[in-house]
Amino acid sequence: MPTFEYAPAPESRAVVDIASSYGLFIGGEFVESRGGTPFKTISPATEEVLAQVSEASEQDVDRAVAAARTAFGSWSALSGTDRGKYLFRIARIMQERAREFAVLESLDNGKPIRESRDVDVPTAAAHFFYHAGWADKLSYASLGDRPRPHGVVGQVIPWNFPLLMLAWKIAPALATGNTVVLKPAETTPLTALLFAQVCQQADLPPGVVNIITGAGPTGQALIAHPDVDKVAFTGSTAVGKAIATTIAGTRKRATLELGGKAANIVFDDAPLDQAIEGIVNGIFFNQGHVCCAGSRLLVQESIAEEVETKLKTRLATLRVGDPLDKNTDIGAINSAAQLERITTLAAVGEAEGATRWSPECELPANGFWFAPTIFTGVAQTHRIAQEEIFGPVLSVLTFRTPGEAVAKANNTPYGLSAGIWTEKGSRILWMADHLKAGVVWANTFNKFDPTSPFGGYKESGYGREGGRHGLSAYVTTGDPT
């Protein structure tokens, strides 16, 4: 099948002004760290240093939590209508500065500009619009008797969707009257710091949103802080378990959105061309850096060979390279550490006897890169079928009956998401009822909407984000004690 050659179509870096160094955003102002060691954030596509970023010490965490506590009284006392006005203002500013956010996200994260521009930034703004609409309607959201905010919320977000995860966390917290201290991932802090400027531009009252940067110790200090009332975390299952241990026996509430090993299930009556696109989107979107990625492909045995052929043909057309090029399909792996993990697990897959295949593609000399990869002949016991690789690696298994598909799909410690491809509505409903997954897509994959709750079961965490269900995590009910 012939492929088209695309001339480079790079997005301009001139639309975003990256400072040489950044402080912490506390109490509505950028301030210097007290005792932290500055670190550098780099472009994973080129390894160039983008900026120097402050590390928040325990003293800085104290300052941020204190600022949020001070702001809580007046912020929670505002009417829902007034809080909603601030959220609407933030959403509009994000839309106005969308190109700036998209370029910065691709530079700092490594994801293709098409994804930052068309998915991450618009969906982040949509979350603020959506939750702005709820701010004055909480008593009608079936949240219980007299819903009230918890107080100060400590939020820790990952590096795979930095801006979108920020929106998932901050928008419902503010809509319900809480104040926030948020720590972005150490490899992708820049869009969170740009969001801090948006808060200033929107005249958000000082201390309502505080953003502190740093690595694991900073996040641990925030989670363990005695004046934090509620914790929200998205990241690895291992860290989620550590957080649950830290807050056990305290008054803190928590929502944890953790890892996944989703099954994307294709039946013999599925629209195959549509399914192939869904498979590709399910695992190669954002370089596979997606907790709900369809990293396990379960194909009905009678069509397995045809699906494999079509899938390889489609993968041969994917373009790997410069994240700022609008033609790029697969960008850079986020960090050297993540590339090492992907490389190690791919080698394990070969050692365990699975057949590895990647299309011919020339990878850039600098930066962190991994070619899209398919493993066939995968067994349920293989590590690549059980462990979250978090990269552009797909494991292909087969099944004969719907019952076998369910059994294989559920044979994992995770329970975040799944996909079903079939023309039979009754089969979709039966499968969805039997799959142990918090989100089940039918004849599509990786579709997100602020109105729809997202979250998992088992080692994929607990609690929901988005929709009316996501609001409930940010309120308490009944008479105050």
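Residues numbered from 1 in each chain as written. Predicted model: local features only at pLDDT ≥ 70, side-chain atom pairs only at ≥ 80, totals over all residues. Heavy atoms only, no water.

(A) Region of interest: the nonpolar core. Ranked by internal contacts, the top residues of the largest apolar core, which has 100 residues, are Met94, Phe128 and Phe195. With 11 residues, helix 5 (residues 162-175) is the largest single contributor of residues to this core. Those residues in contact with Phe195, other than ones at most four positions away along the chain, are Ile90, Met94, Phe101, Phe128, Leu166, Ile170, Val209 and Ile211. (Core = buried A, V, L, I, M, F, W, Y, C linked by side-chain atoms within 4.5 Å. Buried < 20%, exposed > 50% of the residue type's maximum accessible area, 1.4 Å probe, protein only. Helix = DSSP H or I, 4+ residues; strand = E, 2+ residues; numbered from the N terminus. Contact = heavy atoms within 4.5 Å.)

(B) Local environment of the packing of aromatic side chains. Inspection of the entire model under this criterion finds 12 aromatic pairs. For the pair Trp441 and Phe445, a centre-to-centre distance of 4.7 Å together with 50 degrees between the ring planes defines the contact as tilted. Residue Phe445 is classed as buried on the basis of its relative accessible area, which comes to 1%. When the ring of Trp441 is compared with that of Phe448, the centres are 5.8 Å apart and the planes differ by 85 degrees; the resulting orientation is edge-to-face. Ring pairing ties together the aromatic residues Trp168, Trp441, Phe445, Phe448 and Phe454, which thus form one cluster. Sitting over the ring of Tyr474, Lys230 keeps its end group 4.9 Å from the ring centre. Sitting over the ring of Tyr6, Arg319 keeps its end group 4.0 Å from the ring centre. (Phe/Tyr/Trp six-rings, centres within 6.5 Å; stacked < 30°, edge-to-face > 60°. Lys NZ or Arg CZ within 6 Å of the ring centre and 35° of its normal.)

(C) Spatial organisation of the packing of helix 9 (residues 272-284) against helix 10 (residues 304-315). Two elements in contact, helix 9 and helix 10, have axes separated by 10 Å at closest approach and are oriented at 60 degrees. When the axes of helix 9 and helix 10 are compared, the pair comes out oblique. In the crossing of helix 9 with helix 10, the sense of the turn from one axis to the other is right-handed. Residues Leu272, Asp273, Ile276, Glu277, Ile279, Val280 and Phe284 of helix 9 lie in contact with helix 10, whose contacting residues are Glu306, Val307, Lys310, Leu311, Arg314 and Leu315. When its residues are assigned to classes, the contact of helix 9 with helix 10 shows 8 nonpolar, no polar and 5 charged. (Axes fitted to C-alpha atoms, helices over the stretch in contact; angles between N-to-C directions. Parallel < 35°, antiparallel > 145°, perpendicular 65-115°, else oblique. Left-handed = near helix turned anticlockwise from the far one by under 90°. Nonpolar A, V, L, I, M, F, W, Y, C, P; charged D, E, K, R; others polar.)

(D) Seen up close, the sheet that holds strand 18 (residues 417-421). One open sheet holds the 7 strands; their spatial order is 14-15-16-13-12-18-19, and the pairing between them is mixed. Looking at which strands have only one partner, the edges of the open sheet turn out to be strand 14 (355-357) and strand 19 (439-442). The mean inter-strand angle of the sheet, taken between neighbouring strand axes irrespective of direction, is 20 degrees. Alignment of strand 14 against strand 15 (residues 373-376), held across 3 bridges, turns out to be antiparallel. When the sheet's bridge partners are listed, Thr355 is paired in strand 15 with Thr376. This element, helix 9, spans strand 12 (263-266), strand 13 (296-300), strand 15, strand 16 (393-399) and strand 18 of the sheet and lies at about 170 degrees to strand 12. Sheet strands touched by helix 13 (residues 402-410): strand 12, strand 13 and strand 16. Its angle to strand 13, the strand with the most contacts, is close to 170 degrees. (Pairing = 2+ DSSP bridges.)

(E) Quick peek at unusual backbone geometry. Even without being a glycine, Phe390 presents a positive backbone phi close to 60 degrees. Residue placement: Phe390 occurs in the loop between helix 12 (383-386) and strand 16. Judged by its relative accessible area of 16%, Phe390 falls in the buried class. In this structure, Lys458 takes a positive phi of about 50 degrees despite not being glycine.

(F) Quick look at the pairing of strand 16. With 6 of 7 residues buried, strand 16 is to be regarded as a mostly interior element. Relative to strand 16, strand 13 runs parallel, the two being bridged by 5 bridges. For Val299, the partnering residue across the bridge sits in strand 16 and is Thr398. Bridge count between strand 15 and strand 16: 3 bridges; the pairing is parallel. Note that in strand 16 the partner of Phe375 across the bridge is Ser395.

(G) Local environment of the sheet that holds strand 4 (residues 39-42). Read from one edge of the open sheet, 3 strands run 1-5-4, paired in mixed fashion. Each end of this open sheet is capped by a strand with a single partner; those strands are strand 1 (21-22) and strand 4. Here strand 4 runs beside strand 5 (residues 49-53); their pairing, made up of 4 bridges, is antiparallel. Paired with Thr41 across the two strands is Ala51, which belongs to strand 5.

(H) Looking closely at the layout of surface pockets. For the largest pocket, the calculated volume is near 880 Å³. Breaking the lining of the largest pocket down by element, the ones donating at least two residues are helix 7 (216-224), strand 10 (230-234), helix 8 (237-247) and helix 11 (336-351). Considering each element in turn, the lining of the largest pocket owes the most residues, 6 residues, to helix 8. When grouped by side-chain class, the residues that make up the lining of the largest pocket number 17 nonpolar, 13 polar and 5 charged. Considered as a void within the structure, the second largest pocket measures approximately 540 Å³ in volume. Around the second largest pocket, the lining is made up of 25 residues, and of these Arg114, Glu115, Val119, Asn281 and Phe285 lie nearest the centre. Those elements that place two or more of their residues in the lining of the second largest pocket are helix 4 (113-134) and helix 9. For the lining of the second largest pocket, the leading source of residues is helix 9, giving 6 residues. (1 Å grid on protein atoms, 1.4 Å probe; cavity = no way out; pocket = protein on both sides within 12 Å on 5 of 7 lines; lining within 4 Å. Points joined across faces, edges and corners; volume = space filled by probe spheres on them.)

(I) Representation of the pattern of salt bridges. Counted by the stated rule, this structure contains 26 salt bridges. A salt bridge links Asp329 to Arg114; the shortest N-O distance between them is 2.6 Å. Here the residue Asp329 occupies a position in the loop between helix 10 and helix 11, and Arg114 occupies one in helix 4, the gap between them amounting to 215 residues. Classification of Asp329 as buried rests on a relative accessible area of 15%. Arg114 sits in the partly exposed class, given a relative accessible area of 28%. For the salt bridge of Lys310 with Asp273, the shortest nitrogen-to-oxygen distance reads 3.2 Å. Highlighted residues: Lys310 in helix 10 and Asp273 in helix 9, separated in sequence by 37 residues. You can call Asp273 exposed: its relative accessible area is 55%. Connected through salt bridges with shared partners, the residues Arg69, Asp227, Asp229 and Arg251 form a single ionic network. (Salt bridge = Lys/Arg side-chain N within 4 Å of Asp/Glu carboxyl O.)

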